[in-house]
Amino acid sequence: MAPPGPAGALPAPAEPLSRSIFRKFLLMLCSLLTSLYVFYCLAERCQTLSGPVVGLSGGGEEAGDPGRGVLAGGPRELEMWPAAAQRKRLLQLQQWRRRRPPAPHDDGNEAVWEEETPGLAGGPGGSGAGSSVAEAPPGTLELLLDEGSKQLPQAIIIGVKKGGTRALLEFLRVHPDVRAVGAEPHFFDRSYDKGLAWYRDLMPRTLEGQITMEKTPSYFVTREAPARISAMSKDTKLIVVVRDPVTRAISDYTQTLSKRPDIPTFESLTFKNRSTGLIDTSWSAIQIGIYAKHLEHWLRHFPIGQMLFVSGERLISDPAGELGRVQDFLGLKRIITDKHFYFNKTKGFPCLKKAEGSSKPHCLGKTKGRPHPEIDREVVRRLREFYRPFNLKFYQMTGHDFGWDG
Ligand SMILES: Nc1ncnc2c1ncn2[C@@H]1O[C@H](COP(=O)(O)OS(=O)(=O)O)[C@@H](OP(=O)(O)O)[C@H]1O
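Within every chain, residues take consecutive numbers counted from 1 along the sequence as written. Whole-chain, interface and lining totals are the exception, using all residues; otherwise, since this is a predicted model, local features are given only for residues with pLDDT of at least 70 and side-chain atom pairs are given and counted only at 80 or more. Computation of side-chain values: all heavy atoms of the structure, hydrogens and water removed.

- You'll find the chain entered in an unreviewed UniProt entry as Sulfotransferase, with Carlito syrichta given as the organism.
- UniProt positions are given in the numbering used here, feature names are shortened, and annotations may be inferred rather than shown by experiment. In its Subcellular location (unreviewed entry) section, UniProt records this for the chain: "Golgi apparatus membrane".
- Here is the UniProt Sequence similarities (unreviewed entry) comment for the chain, exactly as written: "Belongs to the sulfotransferase 1 family."

### A short note on the nonpolar core
- Ranked by size, the top nonpolar core spans 30 residues in total, and within it Ile158, Phe188, Tyr199, Tyr219, Ile229, Trp298 and Phe394 carry the most contacts.
- Secondary structure elements are taken from DSSP: a helix is a run of H or I of four residues or more, a strand is a run of E of two residues or more, and numbering for both begins at the N terminus. Only β2 (155-159), α7 (187-190), α8 (196-202), α9 (225-232), β6 (237-242), α13 (291-299), β9 (307-311) and α16 (377-398) provide two or more residues apiece to this core.
- Note on definitions: a residue-residue contact is assigned when non-hydrogen atoms from the two residues lie within 4.5 Å. Apart from the residues within four sequence positions on either side, isoleucine 158 is in contact with Thr216, Pro217, Ser218, Tyr219, Phe220, Ile229, Leu238, Ile239, Val240, Trp298 and Met307.
- If you look at the next biggest cluster of nonpolar residues, it comprises 28 residues, including Leu168, Ile211, Val310 and Val326. To form a nonpolar core, buried Ala, Val, Leu, Ile, Met, Phe, Trp, Tyr and Cys residues must be joined to one another through side-chain atoms within 4.5 Å. For each residue, the accessible area found with a 1.4 Å probe, counting protein chains only, is set against the maximum for its type, and the residue is called buried under 20%, exposed over 50%, and partly exposed in between.

### Concerning a nonpolar patch on the surface
- On the surface, a nonpolar cluster with roughly 480 Å² of combined accessible area is contributed by Phe25, Leu26, Leu29, Leu32 and Leu33.
- Along the chain, leucine 33 falls in helix α1 (residues 17-47). Residues enter patches when they are more than 30% accessible in relative terms and free of salt bridges; like-charged ones are connected within 9 Å and nonpolar ones (Val, Leu, Ile, Met, Phe, Trp, Tyr) within 5 Å. Per-residue accessibility takes into account occlusion by the displayed protein chains alone, with areas from the Shrake-Rupley method and a 1.4 Å probe. Any Lys or Arg side-chain nitrogen found within 4 Å of a carboxyl oxygen on Asp or Glu counts as a salt bridge.

### Some words on the UniProt feature "active site" (unreviewed entry) in the chain
- Within this numbering scheme, the UniProt entry marks Lys162 as carrying the feature "active site" (unreviewed entry).
- Residue position: lysine 162 is located in the loop between β2 and α6 (165-172).
- Each residue touching lysine 162, except ones within four places of it in the same chain, is listed here: Arg243, Arg248, Ser251, Asp252, Gln255, Thr367, Lys368 and Arg370.

### Observations regarding the site of the ligand
- We call a residue near a molecule or strand whenever a single non-hydrogen atom of that residue lies within 4 Å of it. Residues in contact with the ligand amount to 26 residues; listed here are only the nearest, Thr165, Lys215, Ser251, Gly369 and His372.
- Residues adjacent in sequence count toward polar contacts only when both atoms are side-chain atoms; beyond that, a polar contact is any pair of N or O atoms within 3.5 Å, and within protein one must be able to donate a hydrogen and the other to accept it. Interatomic distance of 3.0 Å between a backbone N/O atom of glycine 164 and an oxygen atom of the ligand.
- Here arginine 166 contributes a backbone N or O atom positioned 3.0 Å from an oxygen atom of the ligand.
- Bound to the protein, the ligand loses 98% of the 650 Å² it would expose on its own.
- Secondary-structure elements contributing two or more residues to the shell around the ligand are α6, α10 (245-259) and β11 (349-352).
- No other element matches α6, which puts 4 residues into the shell around the ligand.
- Residue polarity is assigned by list, with Asp, Glu, Lys and Arg as charged and Ala, Val, Leu, Ile, Met, Phe, Trp, Tyr, Cys and Pro as nonpolar; anything else, Gly included, falls into the polar class. Taken together, the residues of the shell around the ligand break down into 8 nonpolar, 8 polar and 10 charged.

Right, dumping it as structure tokens:
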């Protein structure tokens, strides 16, 4: 018989031993399943790392072609990947979690968010690959992800506007040892008064051995930029993507036209006085292309060996070749090769088989590679004549004939 309970209370029913054991078992099973789920999520994410595409045939395939399934990371790919790439992926995820609004001065033509969201579902412009970090139990990943620190850039793509700077940065970001801010910070031209701490805070976190980069094409034509960058670090490596100044001017004009369709024609803006053929060098579209003049300012603060001039034309015709030069210049292992690119016939440009942090093919956005309006041939001829001496001087200064006057 059970002992009597307190006065007025009903006797507590004794819990059978088997039920209590069953409960404990259920609890343990639940926590085991939760842990397994967390590890599964982590492992799956690691498999969607970006990186060299292995075992793929040549280019020429359209984005989203059937057969491109091989691009999704598999065990073989994981084997090929250095630990740095996996850690880079973790840093990207962390960055994404802590993401802030884009830097105040992106030029409005850059698909900033798309580029900043590396293949994650739930983020604006995310590719939908993999599961969202937000789905992971809070705090679980924090320990793993809280790695790296923000550094001032060791290398900057300083120009030129419409040269192909976005393409170069996007291609470079594929490298596991490169981390770059997606938006254009415009620190050395428009936000210098905000201070270096503000600038550094815009940067992504990096691990030891990784390079921090940014691109702001207007630096090349900003008088104060060379001294300011040198004051930050005189060892900063500078990359300039240059393009035939005539095509560059037309590209620049095309961009403005897309925003303000009522502007005068290219032909009328080109000349101060069309009948005398006097070129209006105060028009920025013309002025930016006088590369030799701008370069003079940089050479007062940096040795030529600390600058790399990338051909905008070759970046399109042979992206891997130009990327080889850039990787050498940055002291990086040549990881980005022709295996990373394919020519997208629809886009008419080389695209990445896999963008940074994604397993999907990636072309630049609609604002890159726009069709240009037809320009009067006589005006183009006059412009070529105008630029020729400056181009020759530029070839001399850089020791490189870019072939615009051939
Ligand atoms: N792979 C690839 N895909 C698309 N576009 C490419 C590529 N490589 C170089 N380019 C050329 O880049 C030009 C735009 O240059 P920028 O990125 O420097 O422009 S910006 O200054 O940042 O606005 C852009 O100029 P437009 O053709 O006039 O649009 C392109 O010709």
